[in-house]
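Understanding the architecture of this molecule
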Amino acid sequence: AQSVSQHNHHVILSEAASLELGCNYSYGGTVNLFWYVQYPGQHLQLLLKYFSGDPLVKGIKGFEAEFIKSKFSFNLRKPSVQWSDTAEYFCAVNGPPAGNMLTFGGGTRLMVKP
Amino acid sequence: DAGVTQSPTHLIKTRGQHVTLRCSPISGHKSVSWYQQVLGQGPQFIFQYYEKEERGRGNFPDRFSARQFPNYSSELNVNALLLGDSALYLCASSLAPTGSYEQYFGPGTRLTVT
């Protein structure tokens, strides 16, 4: 069975600080990896995804993530956060035989102070 | 284009009652998945339907059931409600249930069981 761990439950940063959120997964086969964001009062939105190819993927709003297969990791990064990045961030994985059914991590709540 | 829609937005039920939640996928999407998001946790997969057939089921009791209609909309039913069923229930749609197809999430139905 797949599982996803997000190490930081709560992160507080000041504007312009750099962000890195950790995500590790356990699954021995081919995986697709995702980061979703849930802004206050809004629905889950896809930030970025990795299926294959370049392990450094860029998403919306200046976010990027790096897939390191040897470490089973898919950490999310942003060089300079803004107050509007305050949200909850979820790492998720899918892979055969589960089709596109997603297994989510527990989430990281990010608060950016102006 | 309309996104995934869910109804109702909020619901309050008493223990032992039954509830039906509804979901309309994005036009053209034939796969619908249901997730339960308990406060402070990541979403957990409940069911996936594709072309009216169940394609996957998560680790939930038989009190949970679902179906998909010819127009690809879906219902999630929960019988004999327990306090622990209080959660945000998310519906997601995709073109097909294979791993490379992104899931798009609706705003959710907030269920409170008292």
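This section reports on the structure supplied with the text. (Residues numbered from 1 in each chain as written. Chains lettered and ligands numbered in written order. Predicted model: local features only at pLDDT ≥ 70, side-chain atom pairs only at ≥ 80, totals over all residues. Heavy atoms only, no water.)

**Overview of the interface of chain A and chain B**
Going by this rule: Residue contacts follow a heavy-atom distance rule, with two residues in contact if any of their heavy atoms lie within 4.5 Å. In this description, buried area is defined as the sum, over both parts, of the accessible area (probe of 1.4 Å) that is lost when the two are combined. A side-chain nitrogen of Lys or Arg and a carboxyl oxygen of Asp or Glu constitute a salt bridge if their distance falls within 4 Å. Identification of polar contacts relies on pairs of N or O atoms within 3.5 Å, with a donor-acceptor requirement for protein atoms, meaning one able to donate a hydrogen and the other able to accept it, and with residues adjacent in sequence counted only if both atoms are side-chain atoms. Numbering of helices and strands runs from the N terminus, with a helix taken as a DSSP run of H or I at least four residues long and a strand as a DSSP run of E at least two residues long. Under the convention adopted here, Pro, Cys and the residues Ala, Val, Leu, Ile, Met, Phe, Trp and Tyr are nonpolar, Asp, Glu, Lys and Arg are charged, and Gly plus all remaining residues are polar.
With 18 residues of chain A at the contact, the number on the chain B side is 24 residues. Here chain A packs against chain B, burying approximately 1500 Å² in sum over the two surfaces, 55% of which is carbon and sulfur. Applying the counting rule to chain A against chain B returns 1 salt bridge. Summed over the shared surface of chain A and chain B, the number is 9 residue pairs in polar contact (both at pLDDT 80 or more). Listed by contribution, the elements that provide at least two residues to the side of chain A that touches chain B are strand 5 (32–38), strand 6 (45–50) and strand 10 (87–94) of chain A. With 4 residues, the top contributor of residues to the side of chain A that touches chain B is strand 5 of chain A. Counted by class, the side of chain A that touches chain B contains 9 nonpolar, 8 polar and 1 charged residues.

**Description of the pattern of salt bridges**
The cut-off we apply is this: The rule is simple: take the accessible area with a 1.4 Å probe, protein chains only, and divide by the maximum for that residue type; under 20% is buried, over 50% is exposed, in between is partly exposed.
What the rule picks out here adds up to 11 salt bridges over all chains. Residue R22(B) is joined to E75(B) by a salt bridge in which the shortest nitrogen-to-oxygen separation is 3.5 Å. Of the two residues, R22(B) sits in strand 3 (residues 19–24) while E75(B) sits in strand 8 (residues 74–78), which places them 53 residues apart along the sequence. Here E75(B) falls in the buried class, since its relative accessible area comes to 10%. Across the salt bridge formed by D62(B) and R57(B), the nearest N and O atoms sit 3.6 Å from each other. Classification of R57(B) as partly exposed rests on a relative accessible area of 34%. Via salt bridges that share partners, K58(A), E64(A), E66(A) and R77(A) belong to a single interconnected network.

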